[in-house]
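Chain by chain, the residues run as shown.
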Amino acid sequence: MSTRKINAGPGSASRPESSPESSPEPRFAPDALDRRPVRPSRLGYNAGMLVVGILFIAAIYGTGMDVRALLDLPASIIQYGQLMASGVFQIPDETVAGYWSQSFDAMFESVAIAWVGTMVGALFSLPLGFMAARNMSPLPIYVVVRFVLSVIRAVPEIIFAIAIMLPLFGFGSGGGGALAGAMALGVSSIGTLSKLISEAIEAVDGGPLESSRASGSNHLQLIRWAVLPQVMPEVIAIWLYRFEVNIRASAILGVLGAGGIGSLLSTVFGARDWDRIGIVLVVIILVTMVVDQISAFIRHRVIHGARIRNGGGAPQDDDDGGAPTPGPVSGASVEDDPAPKSTRAAAGL
């Protein structure tokens, strides 16, 4: 039998290794643990997929959907797209200019409705968010406020508008219809914003809270100096995002008679005036994209802070709250620095 020494590492004695030809027989007989695992059965997976497919087909036939219409979809898209494009790209005479002006006025009314609704939601969502946060509110208040917010979120803003706001304030573009749409968006925003704000409050760092309690702060002082500085950037970002959502929702509420671009869109759709429909859709897309970009810029600025330029170089994040960057005095070169060359070299200057 041929053997050779194997060094197992420092602190271990060399041991002989037997050649493969002379390896001993296994000391124990193979048992169930040594067997190759059996491939699991796919019966449950296949049965589940079959049930999903059957439910899908049953839903199609149960609702009377005409699946054959999908075959005509590409031709329909081309046909109606050409009709709407003919209105967008036609010569802007006095009549067409009036269409564009009316569309922009209605869209700005929708933006104003969304802004008022967002402000109403923001006004009530901050205190309700603190009341719905477990680390800021007693248990009875926490449970009641959470339940109320859940009820508000369970009712869509369309239901608020149809069942409550429109009968109270009236229908149509401007006046009561616009107020009804704004109030419907505001009530719906309260439920969503309060929940998101409460979750942000519950996730704050506990260190500043403990320090404030140790220094003798009352509950209001704790909220003002320990919680709000941590959550306000995120809260403002949440408010801005809800404003974007409310712009889209205001267009839908306008179809129901709450004013804004939705009312105009419902009118031109009823008349099948495809030229004006194309103009209205383009205005909705343009204004919504502009508002989204402005809102995204403000959210990024609030969350990440300003970017400053240091000595004409690449922009740097102002993470220290605007504190001056250490370095040579402005207007003086590195050679004028009175520090020794060795010190400047060690500092990277």
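Throughout what follows, the structure given in this document is the object of discussion. Predicted model, so just to flag it, every value in this text is computed and none were measured. (Residues numbered from 1 in each chain as written. Predicted model: local features only at pLDDT ≥ 70, side-chain atom pairs only at ≥ 80, totals over all residues. Heavy atoms only, no water.)

Some remarks on the overall build of the protein chain
Next, step 1: Assigned secondary structure in the protein chain consists of 11 helices and 4 strands.
Next, step 2: Counting only residues that meet the buried cut, the protein chain has 29% of its 349 residues in that class.
Next, step 3: When the accessible surface of the protein chain is summed, it comes to about 22700 Å², and 65% of that surface belongs to carbon and sulfur atoms. (Helix = DSSP H or I, 4+ residues; strand = E, 2+ residues; numbered from the N terminus. Buried < 20%, exposed > 50% of the residue type's maximum accessible area, 1.4 Å probe, protein only. Areas by Shrake-Rupley, 256 points an atom, 1.4 Å probe, with all protein chains shown as cover.)

Digging into the packing of aromatic side chains
Next, step 1: Counting across every chain of the model gives 5 aromatic pairs.
Next, step 2: Measuring from ring centre to ring centre gives 4.8 Å for Tyr80 and Trp274, while their planes differ by 45°; the resulting arrangement is tilted. Placement of Tyr80 in helix H2 (residues 73–88) and of Trp274 in helix H10 (residues 274–304) is noted, with a sequence separation of 194 residues between them.
Next, step 3: Residue Tyr80 is classed as partly exposed on the basis of its relative accessible area of 34%. (Phe/Tyr/Trp six-rings, centres within 6.5 Å; stacked < 30°, edge-to-face > 60°.)

Overview of the pattern of salt bridges
Next, step 1: Tallying each qualifying case throughout the model produces 5 salt bridges.
Next, step 2: Across the pair Glu202 and Arg146 runs a salt bridge, and its minimum N-O distance is 3.4 Å. With Glu202 in helix H6 (residues 176–202) and Arg146 in helix H4 (residues 139–154), the pair connects residues that are 56 residues apart, well separated along the chain.
Next, step 3: A relative accessible area of 33% places Glu202 in the partly exposed class.
Next, step 4: For Glu199, the salt bridge identified is with Lys195, shortest N-O distance 2.5 Å. Taken as a pair, Glu199 and Lys195 lie in helix H6 at a separation of 4 residues, close to a single helical turn. (Salt bridge = Lys/Arg side-chain N within 4 Å of Asp/Glu carboxyl O.)

Regarding the nonpolar core
Next, step 1: In this structure, Met107 and Ile261 are the most contacted members of the largest nonpolar core, which totals 22 residues.
Next, step 2: Counting only elements with at least two residues in this core, the list comes to H2, helix H3 (94–131), helix H8 (219–258), helix H9 (261–270) and H10.
Next, step 3: Looking at this core, the element that brings in the most residues is H10, giving 7 residues.
Next, step 4: Apart from residues lying up to four places away in sequence, Met107 is in contact with Ile247, Ile261, Val283, Ile284, Val287 and Thr288.
Next, step 5: Among the nonpolar cores identified, the runner-up in size contains 19 residues, and Ile197, Leu209, Leu222 and Val235 belong to it. (Core = buried A, V, L, I, M, F, W, Y, C linked by side-chain atoms within 4.5 Å. Contact = heavy atoms within 4.5 Å.)

Notes on H4
Next, step 1: Helix length check: H4 (16 residues) gives 22 Å between terminal C-alpha atoms against 22 Å at 1.5 Å per residue, within 8%.
Next, step 2: Of the positions making up H4, those classed as buried are Val145, Arg146, Leu149 and Ile152. Angular distribution of buried residues about the axis of H4 spans 120°; they occupy a single face of the element. For H4, the exposed residues lying more than 90 degrees away from the buried face are Pro140, Val144, Phe147 and Ala154. (Expected span 1.5 Å × (residues − 1). Arc of directions from axis to C-beta.)

A look at the packing of H3 against H10
Next, step 1: Following both chains from N to C, one finds H3 and H10 inclined at 45°, their axes separated by 9 Å at the closest point. The angle between the axes of H3 and H10 places the two elements in the oblique class. Both H3 and H10 take part in a crossing whose hand is right-handed. Mapping the contact onto sequence places Val96, Tyr99, Trp100, Gln102, Ser103, Phe104, Met107, Phe108 and Val111 in H3 and Arg276, Ile279, Val280, Val282, Val283, Ile284, Val287 and Thr288 in H10.
Next, step 2: Broken down by class, the residue content of the contact of H3 with H10 amounts to 13 nonpolar, 3 polar and 1 charged. (Axes fitted to C-alpha atoms, helices over the stretch in contact; angles between N-to-C directions. Parallel < 35°, antiparallel > 145°, perpendicular 65-115°, else oblique. Left-handed = near helix turned anticlockwise from the far one by under 90°. Nonpolar A, V, L, I, M, F, W, Y, C, P; charged D, E, K, R; others polar.)

Some details on the side chain of Ser110
Next, step 1: Tracing the chain through its elements places Ser110 in helix H3.
Next, step 2: The exposure class assigned to Ser110 is buried, which follows from its relative accessible area of 0%.
Next, step 3: In contact with Ser110, other than residues within four places in its own chain, are Ser250, Gly260, Ile261 and Gly262.

Details of the environment of Ile298
Next, step 1: With respect to the helices and strands, the residue Ile298 is situated in helix H10.
Next, step 2: By relative accessible area, which is 34% here, Ile298 ends up partly exposed.
Next, step 3: Each C-alpha atom of the pair Ile298 and Leu240 lies 8.2 Å from the other, and the pair is 58 residues apart in sequence.

Some remarks on the environment of His300
Next, step 1: The residue His300 is located in helix H10 in this model.
Next, step 2: Separated by 63 residues in sequence, His300 and Ala237 have C-alpha atoms that sit 8.2 Å apart.

Thoughts on the side chain of Ser125
Next, step 1: Note on placement: Ser125 falls in helix H3.
Next, step 2: Not counting residues within four places of it along the chain, the set of residues in contact with Ser125 comprises Ile190, Leu193, Ser194, Ile197 and Trp239.

Describing a nonpolar patch on the surface
Next, step 1: Together, Met65, Val67, Leu70, Leu73 and Ile77 line one region of the surface with nonpolar side chains, adding up to about 510 Å² of accessible area.
Next, step 2: Checked against the element boundaries, Leu70 lands in the loop between helix H1 (43–62) and H2. (Patch = residues over 30% accessible without salt bridge, like charges linked within 9 Å, V, L, I, M, F, W, Y side chains within 5 Å.)

Side note on unusual backbone geometry
Next, step 1: Here the phi dihedral of Arg272 falls at roughly 55°; this positive angle occurs in a residue that is not glycine.
Next, step 2: Looking at the element boundaries, Arg272 is found in the loop between H9 and H10.

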